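Single-letter residue listing:
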2 protein chains.
Amino acid sequence: VAELDLIRAIARALSPPGERVVRWVGDDAAVIKARPLCVTSIDTVAEGVHFHSATHSPREVGHKALAAALSDLAAMGADTGEAYVSLVLPRAHPHGDALALVEEMAALADRTGTTIAGGDVVSGPGVVVSVCVVGWADSEDELAGRDAAKEGDVVAVTGSLGASGAGLILIEGGSAQGELQEAHRRPQPRLAAGRALARAGVSSMIDLSDGLATDARHLALAGGVRLEIDLESIPVAAGVAEVATGAGLDARTLAVTAGEDYELLVTVPQERWDAATAAARTAGSTLSRLGEVVAGEGVAFREGDGSLREGLRGHEHR
Amino acid sequence: VAELDLIRAIARALSPPGERVVRWVGDDAAVIKARPLCVTSIDTVAEGVHFHSATHSPREVGHKALAAALSDLAAMGADTGEAYVSLVLPRAHPHGDALALVEEMAALADRTGTTIAGGDVVSGPGVVVSVCVVGWADSEDELAGRDAAKEGDVVAVTGSLGASGAGLILIEGGSAQGELQEAHRRPQPRLAAGRALARAGVSSMIDLSDGLATDARHLALAGGVRLEIDLESIPVAAGVAEVATGAGLDARTLAVTAGEDYELLVTVPQERWDAATAAARTAGSTLSRLGEVVAGEGVAFREGDGSLREGLRGHEHR
């Protein structure tokens, strides 16, 4: 049966498991030696919604599916562990494409210390890739959630924003190659920065999948607070301003609404600020101060003239 | 945004988590207090392949998706823990249908001691439900794999076979109601039997999703052995013979090829046979002796006249 050939080819494409893996691919379930806390998330990308075959190669889809899932572990500060992959393919889908998708996923797994320990390949109405990632921690101190932002905390973000959104504009405009396009196609989960920031004592953390404007609302809602963010403080990625201007958009608005940068938005108690910036730097990233947590609800963006702008939204749940 | 309303409604449909759940729905990832061994599997059902909206209600799809995933934990002998659910829906899909699907899944989760601890709802090309289940064990002795069947072991199966396949024939023939149809629509994962049999020392175990003919081949291949099974020993479920006759099929052939009974196929060292049958009984099941493990490879079925039949296949991976 052809599907079984594909499954065998996929199994061969995976790297041998680490020493904590007792059983893996080929059994009814994987068996992993646990650490004290198991951190788990599932994330799905579907053809026609999260990617289009005209603009994303199978390799890019594989990368993106695992990267988006790992980004949730980054946002918790967890160490990566295992990934379990469900691959839904139309009946006539070329095996070579499916294998390329898995190979690229396996390459990202290797680079991030993740074992692809199980999966499922089934027929279905289109290409859909679900990835369940399992991370680990030894104590709750090592992790950060969404719900503990406090009045007076600093609001900050890692790295720079807007590259993925600008890359998508270029791809949709027919320009396939370039750094911004690559940022859109192969987002990198900020695992090292997430671990470092959680251990440095940030009060809350979330990864920017839907865009800062929307993801900041999640932190505000979960914490029962209001986030005030200076638009002029937004670290806009190199090259984004030119693309935004060409598209008739404001660069900072693009940067906070376009999403899929997978940088980390954090709230930091004032007394932990120095530790947090040092932690981000040690992890090879940067931390930009954007504003502060105040009493109230929701998110407001402060314009250059001091006026507050509400209601900005990123790409909501698709 | 409508999708967020649906996600909130889904979160309300879930039971409160158990005490081992530190963080769950609403954070970037769930955080669970681990036991020593983490047992994980992902399983996917897709519209048009594993179910059809004409014959499966949303509630039945929800049940089936979680039941199939939990059956993999049963086949390992693991205790159930958490489930992570990815729900892909067409854009115009009625929210009521999606909620009914999740409610029925939540009901099965409650009955089996499983916490639905996270998930994802996205748009996509059709209804696709992926469920990643996490189970737990305290030591490897409590678990069984696929790969340790040995020459001389007894081959045995829990419960009876063919009800799901016969139910599907009736459903496709326009007869919607009845016990066999219910067996097809709401398969039950044999969690208690799986735990009991693993602890009683079976040498290998697998759940019957693709049908005994195919799943027995998996045990034979993984163990490097051959399974010889007496067709006359197959425990055919009540009512299956009549349906098979009406469809011009042999009842035992239907029972070993139709699949989706989710009973457990085991190989048992001779000296553990009494313990295994007692364990199955205590778990509310039965264990039928089907044949034995011999040197060689593959699976053969012995007919009433003593002749061996090879090449029988169940529903292969779809």
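Residues numbered from 1 in each chain as written. Chains lettered and ligands numbered in written order. Predicted model: local features only at pLDDT ≥ 70, side-chain atom pairs only at ≥ 80, totals over all residues. Heavy atoms only, no water.

Trainee: Account for the overall build of chain A, naming residues and giving values.
Mentor: When helices and strands are counted, chain A shows 10 helices and 13 strands. Compactness check: chain A gives a C-alpha radius of gyration of 20 Å against a globular reference of 20 Å for 318 residues, within 12% of the reference. Taking the principal axes of its C-alpha atoms as reference, chain A extends roughly 65 × 50 × 30 Å. Among the 318 residues that make up chain A, the fraction classed as buried is 59%. Sequence separation of 24 or more characterises 82% of the internal contacts of chain A that already satisfy a separation of 6 or more. Distance from the positive charge centre (27 side chains) to the negative charge centre (45 side chains) of chain A: 3 Å. (Helix = DSSP H or I, 4+ residues; strand = E, 2+ residues; numbered from the N terminus. Rg over C-alpha atoms; globule rule 2.2 N^0.38 Å. Buried < 20%, exposed > 50% of the residue type's maximum accessible area, 1.4 Å probe, protein only. Contact = heavy atoms within 4.5 Å. Lys, Arg positive; Asp, Glu negative; His and termini not counted. Charge placed at Lys NZ, Arg CZ, Asp CG, Glu CD.)

Trainee: Hey, could you go over the interface of chain A and chain B for me, with residue numbers and the actual values?
Mentor: With 61 residues of chain A at the interface, the matching set in chain B holds 61 residues. Counting each side, the surface lost to burial between chain A and chain B is near 4800 Å², with a carbon and sulfur contribution of 61%. Our enumeration of links across chain A and chain B arrives at four salt bridges. In this structure, Asp-147 of chain A engages Arg-23 of chain B in a salt bridge whose closest nitrogen and oxygen atoms are separated by 3.3 Å. Taken together, the connections running from chain A to chain B amount to 22 residue pairs in polar contact (both at pLDDT 80 or more). Per-class residue counts for the side of chain A that touches chain B are 30 nonpolar, 14 polar and 17 charged. Summarising the sheet, strand β2 (residues 30-33) of chain A and strand β3 (residues 37-46) of chain B pair through four bridges and their orientation is antiparallel. Residue pairing in the sheet places Ile-32 of chain A in a bridge with Cys-38 of chain B of β3 of chain B. (Buried area = accessible area lost by both parts, 1.4 Å probe. Salt bridge = Lys/Arg side-chain N within 4 Å of Asp/Glu carboxyl O. Polar contact = N/O pair within 3.5 Å; in protein donor to acceptor, adjacent residues only side chain to side chain. Nonpolar A, V, L, I, M, F, W, Y, C, P; charged D, E, K, R; others polar. Pairing = 2+ DSSP bridges.)

Trainee: Mind laying out the relation of the copies chain A and chain B, listing which residues take part and the relevant values?
Mentor: These two copies of the chain differ by a rotation about an axis and a displacement along the same axis. At an RMSD of 0.0 Å, chain A and chain B line up after a rotation of 180° and a shift of 0.0 Å along the axis. In short, the pair behaves as if placed about a two-fold rotation axis. The overlap is high: 100% of the interface residues of chain A also sit at the interface in chain B, so the same surface is used on both sides. (Least-squares fit on C-alpha atoms with pLDDT ≥ 70 in both.)

Trainee: Which residues make up helix α4 (residues 163-172) of chain B, and what values do they have?
Mentor: Residue and element names in this part refer to chain B. Of all the residues in α4, the buried ones are Ala-163, Ser-164, Gly-165, Ala-166, Gly-167 and Ile-171. In this structure, the buried side of α4 is in contact with α5 (179-185), α8 (240-246) and α9 (251-257). Where α4 terminates, the next one or two residues include Gly-174, which has phi positive at roughly 100°.

Trainee: So what about the sheet that holds strand β12 (residues 298-302) of chain A? Which residues, and what values?
Mentor: In a beta sheet, neighbouring strands are held together by backbone hydrogen bonds and run either parallel or antiparallel to one another. Residue and element names in this part refer to chain A. Taken together, the seven strands give an open sheet; going across it, the order is β8-β10-β7-β11-β9-β12-β13, and neighbouring strands pair in mixed fashion. On the outer flanks of this sheet lie β8 (204-207) and β13 (308-310), each paired with one strand and no other. Pairwise comparison of adjacent strand axes, ignoring direction, gives a mean angle of 30° for this sheet. Relative to β12, strand β9 (residues 226-230) is paired through five bridges, and the arrangement is parallel. Across the sheet, Leu-227 pairs through a bridge with Val-299, a residue of β12. (Axes fitted to C-alpha atoms, helices over the stretch in contact; angles between N-to-C directions.)

Trainee: Outline the packing of aromatic side chains, supporting the account with residue identities and numerical values.
Mentor: Following the criterion strictly, the structure yields zero aromatic pairs over all chains and no others. Its guanidinium or amino end placed over the ring of Trp-273 of chain A, Arg-289 of chain A lies 4.7 Å from that ring's centre, counting from NZ or CZ. (Phe/Tyr/Trp six-rings, centres within 6.5 Å; stacked < 30°, edge-to-face > 60°. Lys NZ or Arg CZ within 6 Å of the ring centre and 35° of its normal.)

Trainee: Run through unusual backbone geometry, naming residues and quoting values.
Mentor: Residues and elements named next belong to chain A. Of note, the phi angle at Tyr-262 is positive, near 60°, even though the residue is not glycine. Residue position: Tyr-262 is located in the loop between α9 (251-257) and β10 (264-268). Owing to a relative accessible area of 6%, Tyr-262 belongs among the buried residues under this scheme.

Trainee: Just give me the short version of the sheet that holds β2 of chain A, but keep the residues and values in it.
Mentor: Read across the sheet, six strands follow the order β1(A)-β2(A)-β3(B)-β6(B)-β4(B)-β5(B) without closing on themselves; strand pairing throughout is mixed. The sheet is open, and its two edges are formed by β1 (21-23) of chain A together with β5 (115-123) of chain B, each paired on a single side. For this sheet, the mean inter-axis angle between neighbouring strands, taken without regard to orientation, is 20°. Relative to strand β6 (residues 128-137) of chain B, β3 of chain B runs antiparallel, the two being bridged by 10 bridges. Looking across to β6 of chain B, one finds that Thr-40 of chain B is bridged to Val-134 of chain B. Where helix α2 (residues 58-76) of chain B meets the sheet, its contacts fall on β1 and β2 of chain A together with β3, β4 (79-89) and β6 of chain B, and the angle it forms with β6 of chain B comes to roughly 30°.

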